[in-house]
Amino acid sequence: MLDRSGAIAYTNAKIHGMLPKSFVESRVSKLFSVHSLTELWPILFDEELPNVPELLLSKLIEQKALERFIIQYKKLLETFTKPYKILSVLLQYYEYENLKKIGASLSLGKKECPVLTDISPYNMLNYNAWPNLAGITENSPFAWYNSVPEIKDIQFLDNRLDLQYIKTLWASLEELPPVEKKPIREFILESIVLKNILWVLRLKVYYDMKTEDILARLVYENDRHLETDLFAGPAIMIANWDIKDYSVWADWKYSDCVNQKTDADKWVIDPCWVGQCFRRKENTSALAKLHQYPLSTMVLVSWFKVKQNEYENICAAVESIRLGVEESLAMELTGATPIKKR
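What comes next is a walk through the structure.

**So, the nonpolar core**
Phase 1: Membership of the largest hydrophobic core comes to 106 residues, with the highest contact counts inside it found for L40, I61, I86 and I197.
Phase 2: Of all the elements, helix α14 (residues 297–323) adds the most residues to this core, at 14 residues.
Phase 3: The residues touching I197, leaving out its near neighbours within four places in the chain, are P234, A235, I238, W252, Y254 and F278.

**Points about the packing of helix α3 (residues 37–44) against helix α4 (residues 54–77)**
Phase 1: Where α3 contacts α4, the axes come no closer than 11 Å and their chain directions differ by 20°. Here α3 is positioned roughly parallel relative to α4, judged by the angle of their axes. In the crossing of α3 with α4, the sense of the turn from one axis to the other is left-handed. In contact with L37, T38, L40, W41 and L44 of α3, α4 contributes E54, L57, S58, L60, I61, K64 and R68.
Phase 2: Partitioned by chemical class, the residues of the contact of α3 with α4 number seven nonpolar, two polar and three charged.

**Focus on α4**
Phase 1: The end-to-end C-alpha distance of α4 is 35 Å, a good match for the 34 Å that 24 residues give at a rise of 1.5 Å each.
Phase 2: Within the sequence span of α4, burial applies to L57, S58, I61, A65, L66, F69, I70, Y73, K74, L76 and L77.
Phase 3: Turning to α4, the residues buried within the fold contact α1 (4–18), α3, α5 (85–91), α6 (93–107) and α14.

Quick notes on the rules
Residues numbered from 1 in each chain as written. Predicted model: local features only at pLDDT ≥ 70, side-chain atom pairs only at ≥ 80, totals over all residues. Heavy atoms only, no water. Core = buried A, V, L, I, M, F, W, Y, C linked by side-chain atoms within 4.5 Å. Buried < 20%, exposed > 50% of the residue type's maximum accessible area, 1.4 Å probe, protein only. Helix = DSSP H or I, 4+ residues; strand = E, 2+ residues; numbered from the N terminus. Contact = heavy atoms within 4.5 Å. Axes fitted to C-alpha atoms, helices over the stretch in contact; angles between N-to-C directions. Parallel < 35°, antiparallel > 145°, perpendicular 65-115°, else oblique. Left-handed = near helix turned anticlockwise from the far one by under 90°. Nonpolar A, V, L, I, M, F, W, Y, C, P; charged D, E, K, R; others polar. Expected span 1.5 Å × (residues − 1).

All quantities given are derived from atomic positions and should not be read as evidence of function.
This is the structure:
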């Protein structure tokens, strides 16, 4: 292990060495250029193609891609004697996802533990206690999640876990020195704001939910739930906007992410369109900040987001191949390229 400055220099060099081999920017198209999972496998892995059915191969590709991403990131963290907490909290996102899987499996009465993501030694759950949920979460930040949920409560509990993760991630910024904290704080904040906005749009359009019910589901920086809230303010602002009136959205801060008006009588804001645009914004920002703030913690934060997006693109490519989605359309739907006007 190296001192912090040495570790930052080493990981910065490693990351910039791995970047040209990653499936980002123009290289994303390679994932969507093939027509079968057997063609995709050698693009991603050096190992021999396993002789398994297509469904199992698709799951194996996704599992191996995530495992490789996690291993690479953990090796970068091993360089530090004591990495800043935010770097491990980013990784612990998958601990929250593991608990969601465990809760869902137990609620369905499944006997076998679901496939989980190994982030050791940064894990907080005791997986050896399966299927005892209280034992799994004991002495962890999830100790409150100690009884098998009913199926109807899963969505509520998953949302509570999402809120807990965001709050934990935000709190982890506090130990960073001011010069490093500012750009990372801005980067994380933008991600939270966009998630809140997208949540409002989905609940309005897909569920026709009342404003007060929507606002109760947002992530807030504090408990006052004011329109000036750092996390939720921009989402609260649009909560009462007419989803069928294009003119209302034309002057919005994120108007470049609003689906185009092709038929005045039928236009409705499209959360899927907006979400894909937001994803492109976040990915572009991550890549830009990786180069903008060399020899800083921002490089590792950006790298995590870049690789997380790469993994999501791999999963999207797998699904597109299985469904026979045409290459350009698949890349549009994943946010890898802008959506064309149709």
